[in-house]
Amino acid sequence: MSLSLSADQPDVPADADEGVWLECIECGETFAPFADVRYTCDDCDGLLEVRYADLPTFDDFEGEGVWRYADALPFDDGVSIQEGATPLYEVPRLEDDVGVEALRIKHEGMNPTGSFKDRGMTVGVRVATELGVGRLACASTGNTSAALAAYGSRGGMETLVLLPAGKVAAGKIAQASLHGARILEVDGNFDACLDIVQELARQGEAYLLNSLNPFRLEGQKTIGLEILEGFLSDYGTVPDRIVLPVGNAGNTSALYKAFRELVQAGELDESDVPKLTGVQAEGAAPMVEAIQNGADEVRRWDDVETRATAIRIGNPVNAPKALPGIRETDGTAVSVSDERITEAQRDLASEGIGVEPASAASVAGLRKLRAEGIVADDERVACLTTGHLLKDPDAAAAAGRDSEPVPADTDGVLEYLRE
Ligand SMILES: *Cc1c(COP(=O)(O)O)cnc(C)c1O
Ligand SMILES: [Zn+2]
């Protein structure tokens, strides 16, 4: 199986371009990477992965941010706004409270547009320039559109974003709007938006930059590489487990790919690969259902609901890449209620870390798995927080303290404070 941790490095096919090619994860068909636009396999419609003749080693990495990892990417540089190099925060109180050996928060909200989507876009928009396409498009629960709008305009390209009407947090629409994207508000959910934009892409109307695009996931691999380097330098070992929110399962797939490539390169022992642990909201948990049922395919959920709008997704397109990732690393998937998500958002905030609701799902999931004994007390864990607090100011205000009206004079304020 091509997605197994112990898979051999494949032979370099004739259609490789400077040691880079695309390969179907279902049937193994290979394609030239930049000759034409392609998102899935011509033969079987399976998902594609980028493959390399030369695998990366830790010694090859130099510089800072996503492009530090150029040796693990299809280009040496990209359309960049200094993405990556995000903090790996210590959270001593939360670590104690959850009860694990070590807990670190990889805060992807500290990227230029406030989410990890920037890591995918710096690579994806670079590929778009290589292909010579004029118009970029995505369906989005918000953050993909913000990142696409920023990177597209940085690259001098027109951008089109399809959003579910009324379901996108205020900060995200504001970003897409100011960075100059055309915003199409669709009277349907995210999955409907993705169906439409995929059809537009198929008809050649735009270049698709959802995580179905295999190049975006290459950029997102660097989250995993940064976490490993951070743990190696602070603890001398890689983490036992990485817990992350799951929407379309792009990150789950990307982290798994980063680890597979390191294993193939002989840089990481198969037994040391962190357990990938996905967290979904109870109202949108098709991946959790598939993992718990041992299913090979994910059943599409037509009605999804959660206040964690970034993971309000019923049909995770990257499931065929992510399910093997969770299983092969001995990880798991768990769902959490919206109430627990909000509590975890407050927990993080009390350590000074401001995240949007979807991000807090990772911490809520870790708490649940720790309480169930599935996560052991001697584990070193990294939780991924995917987006910044300011992305969803309404959710933050609802989760936080109410403001208190006071008179407009010092005596009045003092009197109020002493009450
Ligand atoms: C996109 C997004 C997710 C979902 O990530 P996937 O890679 O699609 O699973 C989670 N949280 C936030 C904040 C996001 O923007
Ligand atoms: Zn195929």
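Residues numbered from 1 in each chain as written. Chains lettered and ligands numbered in written order. Predicted model: local features only at pLDDT ≥ 70, side-chain atom pairs only at ≥ 80, totals over all residues. Heavy atoms only, no water.

Caption draft 1: Inspection of the coordination of the zinc ion (ligand 2) at higher detail. With distances of 2.3 Å, the protein atoms coordinating the zinc ion (ligand 2) are Cys-24 (SG), Cys-27 (SG), Cys-41 (SG) and Cys-44 (SG). Coordination at the zinc ion (ligand 2) is tetrahedral, judged from the 4 donor atoms that bind it and the angles of 97 to 120 degrees they form at the metal. Between consecutive donors of the zinc ion (ligand 2), the numbers of intervening residues give the motif C-x2-C-x13-C-x2-C. Within this pair, whereas Cys-27 is found in the loop between β1 (20-24) and β2 (30-31), its partner Cys-41 is found in the loop between β2 and β3 (48-52), the two being separated by 14 residues in sequence. For Cys-27, a relative accessible area of 43% corresponds to the partly exposed category. (Donors = N, O, S within 2.8 Å, 3.2 Å for Na, K, Ca; no water. Tetrahedral: all angles 85-135°; square planar, octahedral: opposite > 155°, others 65-115°. Helix = DSSP H or I, 4+ residues; strand = E, 2+ residues; numbered from the N terminus. Buried < 20%, exposed > 50% of the residue type's maximum accessible area, 1.4 Å probe, protein only.)

Caption draft 2: Looking closely at the domain arrangement of the chain. Domain annotation of the chain identifies domain 1 (88-113 + 217-399) and domain 2 (117-212). Computed over C-alpha atoms only, the centres of domain 1 and domain 2 are separated by 24 Å. Contact residues are listed per partner, giving 29 residues for domain 1 and 24 residues for domain 2. Across the domain 1/domain 2 interface, buried area totals approximately 2200 Å², and carbon plus sulfur atoms make up 45% of it. At the junction of domain 1 and domain 2, the tally comes to 5 salt bridges. For the salt bridge of Arg-300 with Asp-195, the shortest nitrogen-to-oxygen distance reads 3.3 Å. Counting every contact that joins domain 1 to domain 2 gives 17 residue pairs in polar contact (both at pLDDT 80 or more). A total of 6 residues in the side of domain 1 that touches domain 2 trace back to one element, the largest contributor, which is helix α6 (residues 214-235). (Domains from an automatic or database assignment. Contact = heavy atoms within 4.5 Å. Buried area = accessible area lost by both parts, 1.4 Å probe. Salt bridge = Lys/Arg side-chain N within 4 Å of Asp/Glu carboxyl O. Polar contact = N/O pair within 3.5 Å; in protein donor to acceptor, adjacent residues only side chain to side chain.)

Caption draft 3: Summary view of the sheet that holds β3. The antiparallel open sheet is built from 3 strands, whose spatial order is β2-β1-β3. Both outer strands of the open sheet, β2 and β3, are each paired with one neighbouring strand and no more. (Pairing = 2+ DSSP bridges.)

Caption draft 4: Looking closely at the environment of Arg-104. Residue placement: Arg-104 occurs in strand β5 (residues 102-107). Residue classification places Arg-104 among the buried positions, given a relative accessible area of 6%. Considering only alpha carbons, one finds Arg-104 and Leu-384, 280 residues apart in sequence, at a separation of 8.6 Å. For Arg-104, the contacting residues outside a window of four places in its chain are Leu-88, Tyr-89, Glu-90, Phe-231, Asp-234, Tyr-235, Val-381, Ala-382 and Cys-383.

Caption draft 5: Structural context of the sheet that holds strand β12 (residues 332-336). Spatially, the 6 strands line up as an open sheet ordered β4-β5-β13-β10-β11-β12, and their pairing is mixed. Each having just a single partner strand, β4 (88-90) and β12 make up the two edges of the open sheet. Taken pair by pair, the neighbouring strands of this sheet meet at an average axis angle of 25 degrees, ignoring direction. In this sheet, strand β13 (residues 380-385) lies alongside strand β10 (residues 241-245) in parallel orientation, the contact comprising 3 bridges. Directly across from Arg-241, in β13, lies its bridge partner Val-381. (Axes fitted to C-alpha atoms, helices over the stretch in contact; angles between N-to-C directions.)

Caption draft 6: Layout of helix α8 (residues 286-293). Listed as buried for α8 are Pro-286, Met-287, Val-288, Ala-290 and Ile-291. Considering only its buried residues, α8 is in contact with β11 (275-281), α9 (319-328) and β12. Gly-294 occupies a position one or two residues after α8 and carries a positive phi of about 65 degrees.

Caption draft 7: Structural detail: the packing of aromatic side chains. All told, the structure shown has 6 aromatic pairs when counted by the stated rule. Summarising the aromatic geometry, the rings of Phe-58 and Phe-61 are spaced 6.0 Å apart at their centres and angled 90 degrees between planes, so their arrangement reads as edge-to-face. Grouping residues by exposure puts Phe-58 and Phe-61 together as buried. Taken together, Phe-34, Phe-75 and Phe-215 form an aromatic cluster joined through their ring pairs. Sitting over the face of the ring of Phe-75, Arg-126 holds its NZ or CZ atom 4.0 Å from the ring centroid. (Phe/Tyr/Trp six-rings, centres within 6.5 Å; stacked < 30°, edge-to-face > 60°. Lys NZ or Arg CZ within 6 Å of the ring centre and 35° of its normal.)

Caption draft 8: The pairing of β1, seen in detail. Among the 5 residues in β1, 5 count as buried, and that is most of the element. The side-chain alternation of β1 yields two buried faces, one formed by Val-20, Leu-22 and Cys-24 and the other by Trp-21 and Glu-23. As paired elements, β1 and β3 share 5 bridges and run antiparallel to each other. Considered in β3, the bridge of Glu-23 is made with Glu-49.

Caption draft 9: Representation of the site of ligand 1 within the structure. What surrounds ligand 1 is a group of 15 residues, the closest being Lys-117, Asn-143, Gly-247, Asn-248 and Thr-386. In this structure, an oxygen atom belonging to ligand 1 sits 2.6 Å away from a side-chain N or O atom of Lys-117. Protein chains shield 97% of the accessible area of ligand 1, which is 390 Å² for the free molecule. Taken together, the residues of the shell around ligand 1 sort by class into 6 nonpolar, 7 polar and 2 charged. (Near = heavy atom within 4 Å. Areas by Shrake-Rupley, 256 points an atom, 1.4 Å probe, with all protein chains shown as cover. Nonpolar A, V, L, I, M, F, W, Y, C, P; charged D, E, K, R; others polar.)

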